Amino acid sequence: MNRKSLFEIAEIIMGQSPKGEYCNKDRNGVPLLNGPTEFGIHYPIPNQFTIKGNKFSKKGDILFCVRGSTTGRMNLADRKYALGRGLASIRHIKGEDYTHFLKYLIQLNLSSLLKSTSGSTFPNLTREILNSFKFTLPEEKDQLLISSLLKVMDVKIDLNNRINAELEQMAKTLYDYWFVQFDFPISEEYAKSIGKPELTGKPYKSSGGKMVYNQELKREIPEGWEVSKIGKFLKTELGGTPSTKVDSFWVGDIPWLSSGEIANFPIIEAEEHISIDGVNNSATTLMPIGTCVISITRHLRPSILAIKACANQSVVGIYESEIYKSSFIYPYLKNEIPRYMSLRTGAQQPHINKGTIDKSPIVLPPNNILLNYYDVADGLYNMIINRSFENKELITLRDWLLPMLMNGQVTVRDAEESVYNLNVAAEPEVGYGKQ
């Protein structure tokens, strides 16, 4: 173990914003990053470009926020980027193979690094502060092995996230095809009833299935389908907050969600937990797994509970039933978001209320069509949930191993054994979705 300054192990490129006239959103030039608003889970998602950047990162660099309240947030550069003044690019002097070692070395020491920041309101990190910060390093022979192990875990987490994004898109396409375009497969029974057995399995509306005009929706829906309102056939609950003046309400093991956490899909954990007394002495309710939840203040977002959880008063829970499952309700809520946004009231905290959800009109298909839909859709949602829990295990294990790897308490071989016990194979970066 020895101590070295960042200057001795890495090169730092401080960002410098290009002039406004050289920036565009027409994809001309090099993608420009100004700060964490363009950060993704691992890699940035640029929305600006520049034809005359001043400072650049290259593939494999650590993109590091150096200004404002988000100082210390990191992403990895998956290509060359122009850097605005809110970012620095940090590059290990031994090359890209050491990127993950350096990233997690910084993360492990981030709180100490931030204490050395300048700036009266928000922390700012200068090149001098970064260069002079000293790290305690593991043996040099272990650094590359540690980097490789951490990279395997990050690649697996990223792969799971990309698979989940595609699975969710597939599930949405399936829902829209069946219940928005009404091109669900025609049943054998229906095809025979209209004297056209050859239409069995064909898309309903496109194949001439009978449509009827619905006065409430002011559009056509398939014959025999009904229009109802969410609150008429499903139980809905508004959340609540136990008193923060009673400590015993906030020392339990019952997950309690803020509205901001509803941005996660699915919900597999909560930042705060409350006791059963907290539940019993407040308006919140413990909602079962499978409940669809939607945040109703400012940012309106739906999700699905993969754990039992309570929520605050800015969240409405919509319980699934035996026939109307979350895999049917969730994509419906996603499609309703633009309409809900237009119904928000309140200048400071624009919001809708539980009544807006209860009165939402929804087209209900016959049960046999729903059951056929679930045969496909439920599998997609289950895969998403399983991968989300796998990622949670990986992140927990990585964060637990990290300090011990860096200070030599565990060997890389022991850590590898723990990782592979989770059935984490060293999947290639050019795997799913990149063929």
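Figured I'd write up the structure that's included with this text. Since this is a predicted model, take the numbers as computed values, not measurements.

1. Thoughts on the overall build of the protein chain
Here is step 1: What the protein chain contains, in helices and strands, is 12 helices and 22 strands.
Here is step 2: Seen through its C-alpha atoms, the protein chain measures out along the principal axes to roughly 80 × 55 × 50 Å.
Here is step 3: Burial analysis of the protein chain (435 residues in total) assigns 48% to the buried set.
Here is step 4: Across the protein chain, the fraction of contacts at a sequence separation of at least 24, relative to all contacts at a separation of at least 6, is 68%.
Here is step 5: Accessible surface, the protein chain as shown: approximately 21,900 Å² in total, 50% of it carbon and sulfur.

2. Describing the sheet that holds strand β17 (residues 272–274)
Here is step 1: Reading across from one edge, β17-β16-β20 is the order of the 3 strands in this open sheet, with mixed pairing throughout. Of all the strands in the sheet, just β17 and β20 (310–311) have a single pairing partner and so form its edges.
Here is step 2: Pairing between strand β16 (residues 254–257) and β20: 2 bridges, direction parallel. Bridge assignment links L257 to a residue of β20, and that residue is A311.

3. Brief notes about the packing of helix α9 (residues 326–342) against helix α11 (residues 367–406)
Here is step 1: At a minimum axis separation of 9 Å, α9 and α11 run at an interaxial angle of 80°. Looking at the two axes, α9 sits roughly perpendicular to α11. The segment α9 lies against α11, with S327, F328, Y330 and P331 engaging L370, Y373, Y374, A377, D378 and Y381.
Here is step 2: Tallied by class, residues from the contact of α9 with α11 come to 8 nonpolar, 1 polar and 1 charged.

4. A few points about the packing of aromatic side chains
Here is step 1: Inspection of the entire model under this criterion finds 20 aromatic pairs.
Here is step 2: Aromatic pair Y175 and F328: ring centres 5.9 Å apart, planes at 55°, arrangement tilted. Here the residue Y175 occupies a position in helix α5 (residues 140–179), and F328 occupies one in helix α9, the gap between them amounting to 153 residues. Pair check on accessibility: Y175 and F328 agree, each one buried.
Here is step 3: For K80, the ring lying beneath its charged end belongs to F56, and the centroid distance is 4.5 Å.
Here is step 4: We note K325 situated over the ring of Y374; from NZ or CZ to the ring centre the distance is 5.0 Å.

5. A word on the nonpolar core
Here is step 1: Ranked by size, the top nonpolar core spans 48 residues in total, and within it F179, I318, F328, I329, Y340 and Y373 carry the most contacts.
Here is step 2: Of all elements in the fold, only α5, β18 (292–295), β21 (315–318), α9, β22 (361–364) and α11 reach the threshold of two or more residues within this core.
Here is step 3: Leaving out residues up to four positions away in the same chain, Y373 has contacts with L174, Y175, W178, F179, S327, F328 and P331.
Here is step 4: If you look at the next biggest cluster of nonpolar residues, it comprises 41 residues, including I90, I106, L113 and A415.

6. Section: the packing of helix α2 (residues 99–108) against α5
Here is step 1: Relative orientation of the contacting elements α2 and α5 amounts to 85°, with a least axis distance of 7 Å. The angle between the axes of α2 and α5 places the two elements in the roughly perpendicular class. Residues T99, H100, F101, K103 and Y104 of α2 form the contact with α5, whose participating residues are Q143, I146, S147, L150, K151 and D154.
Here is step 2: Across the contact of α2 with α5, the residue classes tally to 4 nonpolar, 4 polar and 3 charged.

7. What to know about the pattern of salt bridges
Here is step 1: All told, the structure shown has 18 salt bridges when counted by the stated rule.
Here is step 2: Between E336 and R339 there is a salt bridge, and its shortest N-O distance comes to 2.7 Å. In this pair, E336 and R339 are both assigned in helix α9, 3 residues apart and thus about one turn of the helix distant.
Here is step 3: Here the residues in one salt-bridge network are E11, D61 and R91, joined through shared partners.

8. Quick notes on α2
Here is step 1: With 8 of its 10 residues buried, α2 lies for the most part within the structure.
Here is step 2: Along α2, the residues classified as buried are T99, H100, F101, L102, K103, Y104, L105 and I106.

Calculation rules
- Residues numbered from 1 in each chain as written.
- Predicted model: local features only at pLDDT ≥ 70, side-chain atom pairs only at ≥ 80, totals over all residues.
- Heavy atoms only, no water.
- Helix = DSSP H or I, 4+ residues; strand = E, 2+ residues; numbered from the N terminus.
- Buried < 20%, exposed > 50% of the residue type's maximum accessible area, 1.4 Å probe, protein only.
- Contact = heavy atoms within 4.5 Å.
- Areas by Shrake-Rupley, 256 points an atom, 1.4 Å probe, with all protein chains shown as cover.
- Pairing = 2+ DSSP bridges.
- Axes fitted to C-alpha atoms, helices over the stretch in contact; angles between N-to-C directions.
- Parallel < 35°, antiparallel > 145°, perpendicular 65-115°, else oblique.
- Nonpolar A, V, L, I, M, F, W, Y, C, P; charged D, E, K, R; others polar.
- Phe/Tyr/Trp six-rings, centres within 6.5 Å; stacked < 30°, edge-to-face > 60°.
- Lys NZ or Arg CZ within 6 Å of the ring centre and 35° of its normal.
- Core = buried A, V, L, I, M, F, W, Y, C linked by side-chain atoms within 4.5 Å.
- Salt bridge = Lys/Arg side-chain N within 4 Å of Asp/Glu carboxyl O.

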